[in-house]
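A structural walkthrough
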Amino acid sequence: MKIICIGRNYADHAAELGNAVPEEPVIFMKPKSALLQAHTPFYYPEFTNELHYECELVLRVCKNGKYIQERHAANYYNAITVGIDFTARDIQDECKKNGLPWEKAKAFDNSAAVGKFIDLTPDFNKKNINFSLNKNNETVQQGNSGQMIFSFDSIISHISNYFSLNIGDLIFTGTPAGVGECVVGDELEGFLNGQSLLKLEVK
Ligand code: MG
């Protein structure tokens, strides 16, 4: 099982970090050890002084494939939730400045928190999914899948040109504007179409 993440998939978030809007999806990965299992505490990593939350829609792959055409892509995922792509922003800024890979900032243990998955039934409107993140009961991020630069199907197709997709893989589809810092004691709660699917405390 692997975790594939898309960066800069919302124009307003690319702008807030001073990045250009990409012409093709920006891809990075997290290892299996990055998955924060439900009901597991999240501990503030000791190597960062600027931990950021990035609330994202997360897809779960249900079929093995590669070189998937966009028009067939919807057959390859069947569940969705909200997740947090935890980012050590200070480390990432340092890596970016020096042209180095991002893994230390993005792929550390428990950096991929995922909520409870819900089934993507045929009547589920994937182009109009509202999602949001609360920090200490205040909304800090709000997005809608319709604002994505690259759609779910386009992401799946693009990824599969480079990496085989396997059953159980998770895909983080990018974060909207409003990323910010979290500190020990913060409570984070993620919602999809108003339903609470993820809740954790930074310890
Ligand atoms: Mg992200």
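Refer to the structure presented above.
Note that the coordinates shown come from a computational prediction; the quantities given were computed from them, not determined experimentally.

So, the coordination of the magnesium ion
When a metal carries six donors in an octahedron, the ideal angles between them are 90 or 180 degrees, while four donors in a tetrahedron ideally lie at 109.5 degrees. Protein coordination at the magnesium ion comes from Glu54 (OE), Glu56 (OE) and Asp85 (OD), with a distance range of 2.0 to 2.1 Å. Along the chain, the residues that donate to the magnesium ion are spaced as E-x1-E-x28-D. Taken as a pair, Glu56 in strand β5 (residues 55-61) and Asp85 in strand β6 (residues 77-85) lie far apart in primary sequence, 29 residues in all. Taking the relative accessible area as the measure of exposure, Asp85 reaches 1% and is therefore buried.

Re helix α4 (residues 152-159)
With seven of its eight residues buried, α4 lies for the most part within the structure. Within the sequence span of α4, burial applies to Phe152, Ser154, Ile155, Ile156, Ser157, His158 and Ile159.

Side note on the packing of aromatic side chains
One pair of aromatic rings is described through two measures. These are the centre distance and the angle between the planes. One pass over the structure, following the stated rule, counts six aromatic pairs. Ring centres 6.1 Å apart and planes at 75° place the aromatic pair Tyr77 and Phe152 in the edge-to-face group. Taken together, the positions of Tyr77 in strand β6 and Phe152 in helix α4 put the pair 75 residues apart, joining distant regions of the chain. There is no split in this pair, since Tyr77 and Phe152 are both buried. Residues Tyr162 and Phe163 carry aromatic rings whose centres are separated by 6.4 Å and whose planes lie at 45° to one another, so their mutual orientation is tilted.

A closer look at the side chain of His13
Relative to the assigned elements, His13 resides in helix α1 (residues 11-16). The exposure class of His13 is buried, given its relative accessible area of 5%. Leaving out residues up to four positions away in the same chain, His13 has contacts with Glu54, Thr175, Pro176, Ala177 and Val179.

Things to note about the sheet that holds strand β15 (residues 195-201)
The sheet built from four strands is open, its strands ordered β11-β10-β14-β15 with antiparallel pairing. Lying at the two open borders of the sheet, with one neighbouring strand each, are β11 (138-144) and β15. Within the sheet, the average angular offset between the axes of one strand and its neighbour, ignoring direction, is 15°. Here strand β10 (residues 130-135) runs beside β11; their pairing, made up of six bridges, is antiparallel. Paired with Phe131 across the bridge in β11 is Gly143.

Looking at the pairing of strand β2 (residues 26-30)
Burial along β2 is one-sided: the face carrying Val26, Phe28 and Lys30 is buried and the face carrying Ile27 and Met29 is not. The pairing of strand β1 (residues 3-7) with β2 spans five bridges and is classified as antiparallel. Pairing of Ile6 across the sheet is with Ile27, part of β2.

Section: unusual backbone geometry
Non-glycine residue Arg8 carries a positive phi angle of around 55°. Locating Arg8 in the fold gives a position in the loop between β1 and α1. Residue Asn193 is not a glycine yet carries a positive backbone phi of 45°. By the secondary structure assignment, Asn193 is in the loop between β14 (187-192) and β15.

Considering the sheet that holds strand β7 (residues 87-88)
With antiparallel pairing, three strands are arranged side by side in an open sheet as β7-β4-β13. Either end of the sheet is taken by a strand with one partner, and the two such strands are β7 and β13 (180-181). Here strand β4 (residues 51-53) runs beside β13; their pairing, made up of two bridges, is antiparallel. From the neighbouring strand, His52 faces β13, where its bridge partner is Glu181.

Considerations on the pattern of salt bridges
Evaluation of the coordinates by the stated rule reveals seven salt bridges. Measuring nitrogen to oxygen at the nearest pair gives 2.9 Å for the salt bridge that ties Asp85 to Lys106. Linking Asp85 in strand β6 with Lys106 in helix α3 (residues 103-106), this pair joins segments that are 21 residues apart in sequence. Taken as a pair, Asp85 and Lys106 share a single burial class, namely buried. Via salt bridges that share partners, Lys30, Glu54, Asp85, Arg89 and Lys106 belong to a single interconnected network.

Thresholds applied
Note that residues are indexed from 1 along each chain, following the sequence as it is written. Owing to the predicted nature of the model, reporting of local features is limited to residues with pLDDT of at least 70; listing and counting of side-chain atom pairs is limited to 80 or more, with chain, interface and lining totals taken over all residues. With hydrogens and water set aside, each side-chain value is computed from the structure's full complement of heavy atoms. We call an atom a donor if it is N, O or S and sits within 2.8 Å of the metal, or 3.2 Å for Na, K and Ca. Water is not counted, so some sites may look partial. Here a helix means four or more residues in a row that DSSP labels H or I, a strand means two or more in a row labelled E, and each is numbered from the N terminus. When accessible area is computed with a 1.4 Å probe and restricted to protein chains, residues below 20% of their type maximum are described as buried, those above 50% as exposed, and intermediate ones as partly exposed. Any two rings among Phe, Tyr and Trp, with Trp reduced to its six-membered ring, count as a pair given centres within 6.5 Å; such a pair is stacked if its planes are under 30 degrees apart, edge-to-face if over 60, and tilted if neither. Note on contacts: a residue pair qualifies if any of its non-hydrogen atoms lie within 4.5 Å across the two residues. Pairing between strands is defined by DSSP: at least two bridges between them are needed. Interaxial angle, 0 to 180 degrees, is taken between N-to-C directions of lines fitted to C-alpha atoms, where a helix line uses only the stretch in contact. Within this document, salt bridges are pairs made up of a side-chain nitrogen of Lys or Arg and a carboxyl oxygen of Asp or Glu, the two lying within 4 Å of each other.

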